[in-house]
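Survey of secondary and tertiary structure
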Amino acid sequence: MGARKSRDYQPVNLSPPTAIEAMSSDGERTLELEGLPRYQTSSPSDTDNGFFCATGKIRKENVDYLNVGDGPEVEIAGFERATLKTALTWVAIVCTAGLLRLVFHWLPQYYLKCTHRRCSLAAADTVLLRDQYFQWFVHLVKTLRATDDQSNKDGLSMSPIGASPYLLIPDSGGRFREVTHIRYFVSKKLKYIWDEDTKSFNCLRSLDTDTPCSYFYGCQGLQEEEQTIRRQVYGVNAIRVRVWPILEILFREVLTPFYIFQVFSCTLWFIDEYVYYAAAIVIMSVASLSFYCYSFRTMQMELRNKIVTHDIVSVWRGGELVETIEAELLVPGDIVIVPHHGCLMQCDAVLLSGNCIVDESMLTGESVPVTKTPLPNPKVDKKQGPLYCIKEHARHTLFCGTKVIQTRYYGNEKVKAMVVRTGFSTSKGELVRSILFPKPMSFKFNRHTYYFILCLSGCAFIGLIYTFIVMSRDNTPVGDMVVRALDLITIAVPPALPMALTIGIVYARQRLKEKDIYCLNQNSVNICGVINAVCFDKTGTLTEDGLDMWGVVPVIDSRWKPIIHNTTEMDQGHIQVCMATCHSLTIIDEELCGDPLDLKMFQSTGWDLEEPAIADSVKFDQMMPTVVRPKKPRFGTSTEDVGQGESTQPEIGIVRQFTFSSSLQRMSVITRALGASNFDLYVKGSPEMIVSLSKPETVPANFAEVLQTYTMQGYRVIAIAHKPLPDLKWVKAMRITREQVEQDLDFFGLLVMENRLKPETTPVIKILNDVNIRTIMVTGDNMLTALSVARECQMVGMYDQVILINATPTGVAYVNSEHVDVEPAAHPKEEVNFLVAGDSSDVRRKDKRYHFAMTGSSFANLRNCHRHLLPKIVQRGTIFARMNPEQKAFLVEHIQELGYNVAMCGDGANDCGALKTAHAGISLSEAEASVASPFTSLQQNIKCVPTVIREGRAALVTSFGMFKYMACYSLCQFTSVMILYNIGCNLTDFEFLWIDLCLLTVLGIFFGRTAAHSVLVKATPPDSLLGATPLLSVLGQMVIMVLVQIVVYFYIQTKSWFTPFVRNHEKEYASYENHAVFIISQFQYIILAFVFSKGAPYRKTILSNYYFVAAMGILTAACIYITLYPMQWIINLLELHPPDSLTFNLQFIAIALVNLAACLICEMFLVEFLFFRILKNKYKVLRRTKHVYETIEKELRNDRSWPPVETSHEHKRKATEEALRSPSSDTAVILGEATKPTHATADLLHRNDNAKPFLRNLSTNSQSLLISPPSGGASVGTSPVNDSAYAETQYQSSL
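Residues numbered from 1 in each chain as written. Predicted model: local features only at pLDDT ≥ 70, side-chain atom pairs only at ≥ 80, totals over all residues. Heavy atoms only, no water.

A word on the pattern of salt bridges
This model, assessed by the stated rule, comprises 33 salt bridges. Of the charged contacts in the structure, one is a salt bridge between R240 and E328, with a shortest N-O distance of 3.4 Å. Here the residue R240 occupies a position in the loop between helix 6 (224-234) and helix 7 (246-254), and E328 occupies one in the loop between strand 14 (321-326) and strand 15 (335-337), the gap between them amounting to 88 residues. In this structure R240 comes out as partly exposed when scored by relative accessible area, which is 33%. For E328, a relative accessible area of 9% translates into the label buried. Salt-bridge contacts for R666 lead to E742; the nearest nitrogen and oxygen are separated by 2.6 Å. (Salt bridge = Lys/Arg side-chain N within 4 Å of Asp/Glu carboxyl O. Helix = DSSP H or I, 4+ residues; strand = E, 2+ residues; numbered from the N terminus. Buried < 20%, exposed > 50% of the residue type's maximum accessible area, 1.4 Å probe, protein only.)

Here it is as structure tokens:
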């Protein structure tokens, strides 16, 4: 966790920062050191004199690291101020008129090295960090002393903080240590403090680390003095998003290289009296800056308004003392009183007493009330009980940002919770930090623009030397020579280039907005043009949010009965009573609330629920039970089975509830019917679990076959069972444990529920598959449901094979999913070994497509233990089930590492990590977490995905065309100037103005209005400006343009009426040479715009862009008019010298037509057809470098020996041996082959002593052989998971 020297570093590829990165990261206060920006991205190849050269997989010697073993590792080095170096550096800054300081502003790490010297971390006053993305961070190391007066430091009226005699820093076991001062720095909103014992900086820990559960019950709350002392170290409990002042936004933007170059260019133009165009550029730049500042600040304010909350809380000071304070004053260790009417949690807190019903949609994306129970109070022993873990004890933890709907408690007892994390350390804080500091995105087009500009700068440098040579020959004054040379730079590198490149993006965003798709980060638009893989969440994205009751499959006398679809008409037997009672529904504000599955199940019975007529908040464990009854009498219905005696309208009280546990995969209730003499137990849960707890003689012989029939069709299946409790008394019913009653059950049948696909899902998936865009499902749901949905929506073809990956720390098994009865475990600690029946078919044939499917636990084991297999498995991985939010983000990263450009489409906050990690995140929700997504669609379906891709392709092609147009425009004008410089001439100011303002600007504005094509095609547009095709295109066009200008220049000199230009110092440039070059070049700019404005297959035809066509027509007519017979005022304005011969002027038009024909032939035939389609396919050397995924895919197609799919007998024996080698309460094995287990497996069971306690539920006549743990332990099949994560049979919602 602290800074360590180590050897295991694995860097991530360099990615330049995005616009939203700059926004978020620049706002960190600790980095406002002498105007330094927050970070600078550098190339992995930079060695920096041996410092931070983390380019290999082995960590460097003598380099310290932060967060070792606890999150992304960051390199850290200490620096201290060097007076002499600082003085010399500032002398150099003054000598360069501040230019060096500007460079240091862009490269802060070099400023630090030039003004500081390396030292140990113990002596450092500044630290330099470099993260896994090769971003630089400069932070001041501050010292906080106990004697420092902190009064009103945070502007809190209720926070009088005076000087204290000591500071408290956290230690292990929940203890705090007294110190006189601490050294610390803040990075990415987290505080790192210096540890004298380890000689390292460690992230400030809270009570969620190394704290025993017994500690929380030994605390009596904090007194105000101790709370104040802790707050000096922890700071205020606030998640603050700083909104920059307008002037600061303006200042930071103006100091970017683009605007610095514009300031330089405009200054030069004003000096050269090129006033009009300079003024036009200034006006456009001011407008652009104003729009940027407005949108930037608006975005910051929206983010702040969605995140920042304020509240008043009650804290317990011990005894009967309760004090009301601002929530920002809370510190770890405070005990808060949760109000009975609910509240919005302002911190992470562990529940100590009472129950809470909580809406965790901010974390899970599902608005499903979750019941939170107190943290178990272990008996104080030598070991102090288990350590508190916020993940393992999530069911007992109230998370920041979640809403407590209601509390329930005993009598007058308060609902108390102890604060364990505050501020940016909370779950909400982690989410906000992921938004403020996202992973930088790398896009080839953006990188190559800088390389191309360097090439143009090289041309400008050559022209600069040429200018000095030519003008020195003519004895031109040095001042004029310098101005002319620098002016040549502004011609070769057009200042308007960055603005021109955003034209297509602006129009694309506008078109997306018209389709209810909003873009937060415009840099993501172009990236969408090369998307070739899309990850989808399932629930709410591919499928509808809710579940519908499809039917009930009863079992009577261990035989299946016909399915009942209309559940309101079924007999009031145990099945209907279980559906009416076995749930956690409650009435809040006269509305029935609870899990959607429970709600749908209860509503399908047609019964009513009544709770005692007491306040909602005190319904905790009352003696008066909740009662359910049919809405109206149902005469003639037998009620004998439910113990109703002669009653025809039963009333059943829910006496005791054992809440759902995802690790146990079930819930149960103890009920008692009105007038009945005994209690009944009703249980529902995963089918495999319920069967393992049921009497074998009540389970149908073909249970496994019937279950698989429904699960493979994508239905959600829940089993129900019953057990009479004749000897149970009321008092005992209140104290008995679930393990004592949840055994020897009578199996009564299955509830079958369906989760329908959205109608738009299948057509969209088909569109993406048809154009070779890979589709991947990443869901928190169970495997079998995910498999079925994948086939139903055609993500997996009808005849495609699916191979299930079961990865454990010791090995990886590849199993044909057609024979899978259960899914592997979803948590490494709760691994479930499973066996399958039937021989596997040959899925490795070259003509047969296969897909991999796996759960989150297998994915985690692959990453940790079998990383060498991960590229192959991810390449063919299509279905990823039981994935938690962190694993979703990791998966997206691994797909990106294969060379894919990945989009992620999801609808919940649990998808936030993947949405921000992907190249293009598309959120289908306007919830808080959607702020992290570049795109938000108001249409709650995936139709937005192909729309975003189409618009991205159109914008990228527009940017490509615009860049080539601007490059050719600048080189074309550069050629004109160079030709005229040779004779001491130049273009006049108004000729420049006509070209730059009227031709370039007008055509550039309308260039990007061409809309996206309505049909996606397989080929993606190029994303590299340095590829052979774009380079050949630019080079070919420039050769034609240069040749035409040279031909015209010399051709006019052959005429008898030609008089050469006479050099002068009055800047009188009117001449035949000037006229010829200007006239033909004005047509060339229009020709270039036409040639580079491509239509199909990514954009509509150019004729659909009415404004662009009209602009070209008008400008062409104007150019023809200027060429043939201009009016005298135009001649005077432009300083033309036209020939008197109309015939010669018509030759200009003819040459322009020849120029147009040559450009079209070059672009359409030579470049696009001959080179791109013919030669590139014929010669491998001309093709682009293959991506990693293409190489892996080729290997997979040719390697018939992999994957090593095992036969069922081999897999059975291996899994059985593995299970019996170290049986645990979380291990279960299902064996199925036809109607009985194999002889080899049975022999193993009977010879192994470890198997004996697992055999009591074995039925040799049943189709499935169940090896289950003693009653009460977690069992079979579907994965037991973390309490905070997933619910197999839907009592709690899936993430």
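Quick notes on empty space enclosed by the protein
The gaps of empty space that remain are located by a probe, the size of a water molecule, rolled over the atoms. The final tally for this structure, using the stated rule, is 14 cavities of 30 Å³ or more. Its volume calculated, the second largest cavity comes out at about 150 Å³. Lining the second largest cavity are 15 residues, with N237, A238, I239, T309 and Q346 positioned closest to its centre. Residues that form the lining of the second largest cavity fall into these classes: seven nonpolar, five polar and three charged. (1 Å grid on protein atoms, 1.4 Å probe; cavity = no way out; pocket = protein on both sides within 12 Å on 5 of 7 lines; lining within 4 Å. Points joined across faces, edges and corners; volume = space filled by probe spheres on them. Nonpolar A, V, L, I, M, F, W, Y, C, P; charged D, E, K, R; others polar.)

Comments concerning the sheet that holds strand 40 (residues 877-881)
Pairing in this open sheet of ten strands is mixed, and the strands run 23-43-42-41-24-36-40-39-37-38 from one edge to the other. Of all strands in the sheet, those with a lone pairing partner are strand 23 (517-519) and strand 38 (811-816), marking the two edges. Adjacent strand axes in the sheet meet at a mean angle of 20 degrees when their direction is disregarded. Relative to strand 40, strand 39 (residues 850-855) runs parallel, the two being bridged by four bridges. Note on strand 40: the bridge partner recorded for F852 is G877. (Pairing = 2+ DSSP bridges. Axes fitted to C-alpha atoms, helices over the stretch in contact; angles between N-to-C directions.)

Notes on helix 32 (residues 1072-1092)
Under the 1.5 Å per step criterion, the end-to-end length of helix 32 is 30 Å for 21 residues, consistent within 8% with the ideal 30 Å. Burial analysis of helix 32 places 20 of its 21 residues in the buried class, the great majority of the element. (Expected span 1.5 Å × (residues − 1).)

Considerations on the environment of T543
With respect to the helices, strands and loops of the structure, T543 is situated in the loop between strand 24 (533-536) and strand 25 (548-556). Sequence separation between T543 and K758 is 215 residues, and the spatial gap between their C-alpha atoms is 5.1 Å. Beyond its immediate chain neighbours, meaning those up to four positions away, T543 contacts K538, N755, R756, L757, K758 and V789. (Contact = heavy atoms within 4.5 Å.)

Structural notes on helix 3 (residues 99-106)
What helix 3 keeps buried is the set R101, L102, F104 and H105. Within helix 3, the buried residues cover an arc of 160 degrees as seen down the axis, which keeps them to one side. Structurally, helix 3 contributes buried residues whose contacts are with helix 2 (83-95), helix 4 (108-115) and helix 8 (257-271). (Arc of directions from axis to C-beta.)

A few points about the packing of helix 2 against helix 4
Contact geometry of helix 2 with helix 4 gives a least axis separation of 7 Å together with a crossing angle of 125 degrees. As the angle between them shows, helix 2 and helix 4 are arranged oblique. Where helix 2 abuts helix 4, its residues K85, T86, T89 and W90 lie against Y111, K113, C114 and T115. Looking at the contact of helix 2 with helix 4 residue by residue, the class counts come to three nonpolar, three polar and two charged. (Parallel < 35°, antiparallel > 145°, perpendicular 65-115°, else oblique.)

Remarks on the packing of aromatic side chains
For the structure shown, the criterion picks out 36 aromatic pairs. When the ring of W244 is compared with that of F296, the centres are 5.3 Å apart and the planes differ by 40 degrees; the resulting orientation is tilted. Taken together, the positions of W244 in the loop between helix 6 and helix 7 and F296 in helix 9 (residues 275-307) put the pair 52 residues apart, joining distant regions of the chain. You'll find W244 and F296 in the same group, each marked buried. Between F1006 and Y1107, the aromatic rings sit 5.8 Å apart at their centres with planes inclined by 15 degrees, giving stacked as the arrangement. On the criterion of sequence distance, the pair formed by F1006 in helix 30 (residues 989-1007) and Y1107 in helix 33 (residues 1106-1124) is long-range, its members being 101 residues apart. Members of the aromatic cluster, each reached through a chain of ring pairs, are Y1051, W1057, F1058, Y1072, F1144 and F1148. The lysine or arginine in question, R230, covers the ring of F176, its NZ or CZ lying 3.8 Å from the ring centre. (Phe/Tyr/Trp six-rings, centres within 6.5 Å; stacked < 30°, edge-to-face > 60°. Lys NZ or Arg CZ within 6 Å of the ring centre and 35° of its normal.)

A closer look at unusual backbone geometry
Cis peptide bonds are those with omega within 30 degrees of zero, and the linkage from A1096 to P1097 qualifies with 10 degrees. Following the sequence through the fold, P1097 ends up in the loop between helix 32 and helix 33. The backbone of K199 sits at a positive phi, close to 55 degrees, despite the residue not being glycine. Tracing the chain through its elements places K199 in the loop between strand 11 (190-195) and strand 12 (200-203). Phi is positive for S558, which is not a glycine, with a value near 60 degrees. Looking at the element boundaries, S558 is found in the loop between strand 25 and strand 26 (559-560). The class for S558 is partly exposed, based on a relative accessible area of 26%.

Points about the packing of helix 29 (residues 944-981) against helix 30
Where helix 29 meets helix 30, the closest approach of the two axes is 11 Å, and the angle between their N-to-C directions is 170 degrees. The orientation of helix 29 relative to helix 30 falls into the category roughly antiparallel. Contact residues: T958, G961, M962, Y965, M966, Y969, Q973 and V977 in helix 29; F992, I995, D996, L999, L1000, L1003, G1004 and F1007 in helix 30. Taken together, the residues of the contact of helix 29 with helix 30 sort by class into eleven nonpolar, four polar and one charged.

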